Amino acid sequence: MGDAVMSSSGTKNVAVRYELPWVEKYRPVVLDDVVGNEETVDRLKVIAKDGNMPHLIISGMPGIGKTTSIICLANMLLGSACREGILELNASDERGIDVVRNKIKGFAQKKVNLPPGRHKIIILDEADSMTAGAQQALRRTMEIYSNTTRFALACNQSNKIIEPIQSRCAILRYSRLTEQQVLQRLLEICKLENVKYTDDGMAALIMTSEGDMRQAINNLQSTVSGFDLVNGENVFRVADQPSPVAIYAILQACHSGDVDTALAKLRDIWGLGYSAVDIVTNMFRVVKTMNEIPEFSRLEMLKEIGTTHMIVLEGVQTLLQLSALVCRLAKSQMNQQLFVV
């Protein structure tokens, strides 16, 4: 990765050439490259073609292309003037009322040479983390400088944006990416990077990412750099999640009414150091794939898992709660007449 260079004194200096993370290396630069949410992206393409961008709010889960889409749109609108005409602030920046009054307002007032009919663009990533006071100040700024500046807000939950800002914006919603969309992009990267992979490795990447493209690509690169081969076992070691094979064994034992075996396998997974949230979340994922179990049985299991997930998220993350879940899962699959007193 590094190149050796001989200095005038005869000593060898190493000039290190750093490679970009694959998330950045393969980040889309035009809207045509954005994966998924085709209908919403098409609306952005119309905006780019017309050149008249309204204030925007794009909401959706992390890692599905919200900020990337906004940046692609801004680059298409402003072209070579994008460096001067775009201000991007994300959740790592101070997002209080002073930033809105000073930094954002100052940029809105600044004169910039832009193509005819274009506006400066302020991108606020993770806008739902802004304080209520900052959002109130932003509302007035959006109104005053709408002739010269457009705002694009990316957020996970649009309901955390105050109503006056929502009413000033066109709201676009991004949904999770499908498994096929994530798989297609991962295969493209594997081909470009000459990655060795197996089918179960790709399935593991899709399962651990849950529609989050950024997570999937990060896990892919981490697996390649750590193990050189992308297979199921290596992916789950990198993602630090319980193996679905072990979770499947627990659920299969519950379905058969074998409580002792299920509890023993649960203790084995718990002994590896996984949290209760990791175990319950993976149970939910695996149950949905167990097509050999009748649908009404899966519904009962999902109901019990959901109840336990809620309890765990409230802070009761103990082996006792998980053991109770396993017992309830086994009981739900047994003949209920056996429990009549």
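The text that follows walks through the structure, step by step, so that each part is easy to find. Everything numeric in this text was worked out from a predicted model, so none of it was measured.

The rules we used
- Residues numbered from 1 in each chain as written.
- Predicted model: local features only at pLDDT ≥ 70, side-chain atom pairs only at ≥ 80, totals over all residues.
- Heavy atoms only, no water.
- Core = buried A, V, L, I, M, F, W, Y, C linked by side-chain atoms within 4.5 Å.
- Buried < 20%, exposed > 50% of the residue type's maximum accessible area, 1.4 Å probe, protein only.
- Helix = DSSP H or I, 4+ residues; strand = E, 2+ residues; numbered from the N terminus.
- Domains from an automatic or database assignment.
- Contact = heavy atoms within 4.5 Å.
- Axes fitted to C-alpha atoms, helices over the stretch in contact; angles between N-to-C directions.
- Parallel < 35°, antiparallel > 145°, perpendicular 65-115°, else oblique.
- Left-handed = near helix turned anticlockwise from the far one by under 90°.
- Nonpolar A, V, L, I, M, F, W, Y, C, P; charged D, E, K, R; others polar.
- Pairing = 2+ DSSP bridges.

### Here we look at the nonpolar core
Trp-22, Leu-44, Met-53, Leu-73, Leu-186, Leu-220 and Val-230 are the most contacted members of the largest nonpolar core, which totals 44 residues. Of the residues forming this core, the biggest block, six residues, is contributed by helix H3 (residues 66-78). Residue-level mapping places this core at the junction of two domains, with at least three residues from each of domain 1 (22-174) and domain 2 (179-239). Sequence-distant contacts of Met-53, defined by excluding residues within four places in its chain, comprise Ile-47, Leu-73, Leu-77, Ile-121, Arg-150, Phe-151 and Ala-152.

### Quick notes on the packing of helix H13 (residues 259-271) against helix H16 (residues 319-333)
Axis separation between H13 and H16 bottoms out at 10 Å; the angle between their running directions is 150°. It follows from the interaxial angle that H13 and H16 lie roughly antiparallel. Both H13 and H16 take part in a crossing whose hand is right-handed. Each of Val-259, Ala-262, Leu-263, Leu-266, Arg-267 and Trp-270 in H13 lies in contact with H16, whose residues at this interface are Leu-319, Leu-322, Ser-323, Val-326, Cys-327 and Ala-330. Classifying every residue of the contact of H13 with H16 gives ten nonpolar, one polar and one charged.

### Describing the sheet that holds strand E4 (residues 86-89)
With parallel pairing, five strands are arranged side by side in an open sheet as E4-E5-E6-E3-E7. Of all the strands in the sheet, the pair left with one neighbour each is E4 and strand E7 (170-173). Geometrically, the sheet is characterised by an average inter-axis angle of 15° between neighbouring strands, direction not taken into account. Pairing of strand E3 (residues 56-59) with E7, which is carried by four bridges, proceeds in the parallel orientation. Bridging from a neighbouring strand, Ser-59 pairs with Arg-173 of E7.

### Regarding unusual backbone geometry
Of note, Asn-194 is a non-glycine position whose phi angle comes to about 55°, a positive value. Topologically, Asn-194 is positioned in the loop between helix H8 (179-193) and strand E8 (196-197). Using a relative accessible area of 68% as the deciding quantity, one classes Asn-194 as exposed. Its identity as a non-glycine residue notwithstanding, Glu-210 has a phi of 50°, on the positive side. Within the secondary structure layout, Glu-210 lies in the loop between helix H9 (199-209) and helix H10 (213-227). On the basis of relative accessibility, which here comes to 37%, the residue Glu-210 falls in the partly exposed class.

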